[in-house]
Each structure stands twice: as structure tokens, then as C-alpha cells.
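A look at the structure
So the chains spell out like this:
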Amino acid sequence: ETGVTQSPTHLIKTRGQQVTLRCSSQSGHNTVSWYQQALGQGPQFIFQYYREEENGRGNFPPRFSGLQFPNYSSELNVNALELDDSALYLCASSRGLAGDPTTDYEQYFGPGTRLTVT
Amino acid sequence: TQLLEQSPQFLSIQEGENLTVYCNSSSVFSSLQWYRQEPGEGPVLLVTVVTGGEVKKLKRLTFQFGDARKDSSLHITAAQTGDTGLYLCAGLEEAGTYKYIFGTGTRLKVLA
């Protein structure tokens, strides 16, 4: 069983640019959640995709957007990058909506993409 | 906005000692999870507690969910160097938004 994978591992961008981060969910999982983890902080929920639709969003501006594909892999797009967007971006996959008791609430995280905005 | 505060932020102890990490909020959560994260990796789920007052044990780790489902604790008995890492609690918001709120984290270092 393949775990959650993310690409790229590291990325350096300039303020104002756009970036796309990718996540492949674990086999059998149909839900992907994205989180931003600033240095020294806990992860912050960006949004969740369930069966190709956004289902739940955190306090992030519209320049953070996403997609989920029919194979349940997902992309996170960030436009007009700001210095404060520098962080570790994590995706997590689950068999159903994260927090669904029928899935035992389990979500599995990938290793993350470290984004640096200069 | 619901917040989860963890204490202590940092903890450095000798191998064999016991420790407790706390996760507190003024809000009620429908469930709460504990994760451990190591450098360069994503968080790994340790346990999920759902019922107020619930206690779960995972080898030397004991997790408790507060009666009011607003707080939780993680107790480690006879810490080992392999326990070193960042411990995160995450509460699931009520109202079915499926949004996990993560705590600020406790960085544990166990010295040989």
C-alpha cells in the first residue's frame, strides 16, 4: 500500500509568483485535506476535498485554491505569493470525510512541501 | 475561532523520566487526536479519543479526554530517546465541518 506522497519536496519562489503543490492520496482514500505549518507552529487547516469537491475551508484568502482529480490526487495553488506564505504545506488523505466516525477518524499525512518565498 | 493551547511548549528530560503534556481549549470538540511529528516528516496519528473522560493506552503512552471534551492530556511513562519529537493535539470542530484545529505543539527531547 503506497502512502501519501507530495511533490516537490522543496520550492523557492519570489513574492508575487504563483505556485502549484501536488499530493497523491493513499490507495483507497477519497478525501484530501491541506494544511499550512509555519515554523514552530501547529498545522492550520486550509481546505478539504471530498470526491472532487471542496468540503470545508479554513481562514485562508481566495488566492489559496485547490483541485481534486478523479483519481483523488490533489493540487494546492497559491497565487500572488507573499513572504508569510513561507511554510511547510502538508496534505492528508482519509477514506472518507476527515472526522467521519465510520472511518475511525484516521487521516494520514504526507511528508510535506517546504515553500520559501523570497 | 476555536484555539487549542498546549503546554509546555518545550520539554527536555532524561531517559526514564515520566512526563505529561496538556492540551486545553475553552471550546468543545467532538473528538481529539494526538500526533507525533519528526523533522522532515508529516504528523503521524497516535490516537483518537471521542468520549468525554475516555482513557486510551498505547504502550507507555496514556491519553485522556476531559469530561467536558475541552481538554486532553498525554502521559509518557519511562520516556525513551525514541519518544523525541513534536507532539500535536488536534480537535475536531463540532457542527460537521470536518475541520481539525491543531494545537501549538510540544517539542519533547529525551536525553540518553
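That block above? That's the structure.
Report on the accompanying structure. Bear in mind that the values here come from a model prediction, so they are computed numbers and not experimental data. (Residues numbered from 1 in each chain as written. Chains lettered and ligands numbered in written order. Predicted model: local features only at pLDDT ≥ 70, side-chain atom pairs only at ≥ 80, totals over all residues. Heavy atoms only, no water.)

Below, the discussion takes up the pattern of salt bridges. For the structure shown, the criterion picks out seven salt bridges over all chains. Measuring nitrogen to oxygen at the nearest pair gives 2.9 Å for the salt bridge that ties Asp83 of chain B to Arg60 of chain B. With a gap of 23 residues between them, Asp83 of chain B in the loop between strand E8 (71-76) and strand E9 (85-92) and Arg60 of chain B in the loop between strand E6 (55-58) and strand E7 (61-65) connect regions that are remote in the sequence. You can call Asp83 of chain B buried: its relative accessible area is 4%. Given a relative accessible area of 23%, Arg60 of chain B falls into the partly exposed group. Through salt bridges with shared partners, a single ionic network connects Arg63, Glu82 and Asp85 of chain A. (Salt bridge = Lys/Arg side-chain N within 4 Å of Asp/Glu carboxyl O. Helix = DSSP H or I, 4+ residues; strand = E, 2+ residues; numbered from the N terminus. Buried < 20%, exposed > 50% of the residue type's maximum accessible area, 1.4 Å probe, protein only.)

Working definition: the covalent bond between the sulfur atoms of two cysteines is a disulfide. Residue and element names in this part refer to chain A. In this structure the tally under the stated criterion is two disulfides over all chains. Covalent S-S linkage joins Cys23 and Cys91, the inter-sulfur distance amounting to 1.9 Å. Between Cys23 and Cys91 the disulfide shows an S-S torsion of about 70°. By sign, it is right-handed. Of the two residues, Cys23 is situated in strand E3 (residues 19-24) and Cys91 in strand E9 (residues 87-94); the sequence distance between them amounts to 68 residues. Owing to a relative accessible area of 2%, Cys23 belongs among the buried residues under this scheme. Residue class for Cys91 comes out buried when judged on its relative accessible area of 0%. (Disulfide = S-S within 2.5 Å.)

Our focus in this paragraph is the environment of Phe29 of chain B. Tracing the chain through its elements places Phe29 of chain B in the loop between strand E3 (19-24) and strand E4 (31-37). Considering only alpha carbons, one finds Phe29 of chain B and Leu88 of chain B, 59 residues apart in sequence, at a separation of 15 Å.

Residue and element names in this part refer to chain A. Read across the open sheet, the four strands follow the order E1-E3-E8-E7; overall the sheet is antiparallel. The sheet is open, and its two edges are formed by strand E1 (5-7) and strand E7 (64-68), each paired on a single side. Averaged over all neighbouring strand pairs, the angle between strand axes comes to 20°, with direction disregarded. In this structure, E3 lies alongside strand E8 (residues 74-78), joined through five bridges in antiparallel fashion. Bridge assignment links Thr20 to a residue of E8, and that residue is Asn77. (Pairing = 2+ DSSP bridges. Axes fitted to C-alpha atoms, helices over the stretch in contact; angles between N-to-C directions.)

Attention now goes to the packing of aromatic side chains. Overall, the coordinates contain eight aromatic pairs over all chains when judged by the stated rule. Relative to Tyr49 of chain A, the ring of Phe47 of chain A has its centre 5.3 Å away and its plane inclined at 85°; by these criteria the two rings are edge-to-face. Across the pair, exposure class does not vary: Phe47 of chain A and Tyr49 of chain A are buried alike. Their ring planes at 40° and their centres at 5.5 Å tell us that Tyr35 of chain B and Phe102 of chain B sit as a pair that is tilted. (Phe/Tyr/Trp six-rings, centres within 6.5 Å; stacked < 30°, edge-to-face > 60°.)

Okay, the pairing of E9 of chain A next. All names here are of chain A. The element E9 is largely enclosed, with a buried count of eight among its eight residues. Here E9 shows a buried face lined by Ala87, Tyr89, Cys91 and Ser93 and a second buried face lined by Leu88, Leu90, Ala92 and Ser94. Taken together, the seven bridges between strand E4 (residues 31-37) and E9 define a ladder with antiparallel strand orientation. Its bridge partner being in E9, Ser33 is matched across the sheet by Ala92. Note: E9 against strand E11 (residues 113-117), three bridges, orientation antiparallel. Each residue of the ladder has a partner; that of Ala87, found in E11, is Leu115. Alignment of E9 against strand E10 (residues 108-109), held across two bridges, turns out to be antiparallel. Bridge pairing in E10 links Ser93 to Tyr108.

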